[in-house]
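This is what each chain is made of:
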Amino acid sequence: MDQMQTLTQHTPTLAEMLDDPIVVAVMRRDGISREHVVDLIARVRRNLRDRHLRSESLAA
């Protein structure tokens, strides 16, 4: 049972998700590259971090 719980609790990494054959096929169909997805997520992370830092500085 412990092994089953471990398997169900695994959260896939971005790399694992982007390597999934179905994800690869859908991205290919839609003309989206792996690099585009990685760049997009990096931009979103930076924007969220910057927004959080701005809100913290306004609250101080």
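Higher on the page you've got the structure.
(A) Spotlight on the overall build of the chain. Broken down by element type, the chain carries four helices and zero strands. Shown N-terminal to C-terminal, the secondary structure of the chain runs as helices and strands in the order α-α-α-α. Counting across all 60 residues of the chain, residues that qualify as buried make up 5%. Surface accessibility of the chain: about 5500 Å² in total, with carbon and sulfur atoms responsible for 59%.

(B) Representation of the pattern of salt bridges. Under the criterion given, the structure shown has three salt bridges. Residue Asp19 pairs with Arg34 through a salt bridge whose shortest N-O separation is 2.8 Å. Separated by 15 residues along the polypeptide, Asp19 in helix H2 (residues 14–19) and Arg34 in helix H4 (residues 34–59) bring together distant segments of the chain. Classification of Arg34 by relative accessible area gives partly exposed; the value is 30%. As a salt-bridge pair, Arg49 and Asp50 come within 3.6 Å of each other at their nearest N and O atoms. Take Arg49: its relative accessible area is 45%, and that puts it in the partly exposed class.

(C) View of the environment of Ser33. One can find Ser33 in the loop between helix H3 (21–30) and H4. With 15 residues separating them in the primary sequence, Ser33 and Leu18 have C-alpha atoms 9.7 Å apart. From its side chain, Ser33 meets the backbone nitrogen of His36 in a polar contact 3.0 Å long.

(D) Seen up close, H3. The opening residue of H3, the one whose side-chain oxygen lies 2.8 Å from the backbone nitrogen of Ile22, is Asp20. Immediately beyond the C-terminal end of H3, within one or two residues, lies Gly31, with a positive phi of roughly 70°.

Scoring rules and cut-offs
- Residues numbered from 1 in each chain as written.
- Predicted model: local features only at pLDDT ≥ 70, side-chain atom pairs only at ≥ 80, totals over all residues.
- Heavy atoms only, no water.
- Helix = DSSP H or I, 4+ residues; strand = E, 2+ residues; numbered from the N terminus.
- Buried < 20%, exposed > 50% of the residue type's maximum accessible area, 1.4 Å probe, protein only.
- Areas by Shrake-Rupley, 256 points an atom, 1.4 Å probe, with all protein chains shown as cover.
- Salt bridge = Lys/Arg side-chain N within 4 Å of Asp/Glu carboxyl O.
- Polar contact = N/O pair within 3.5 Å; in protein donor to acceptor, adjacent residues only side chain to side chain.

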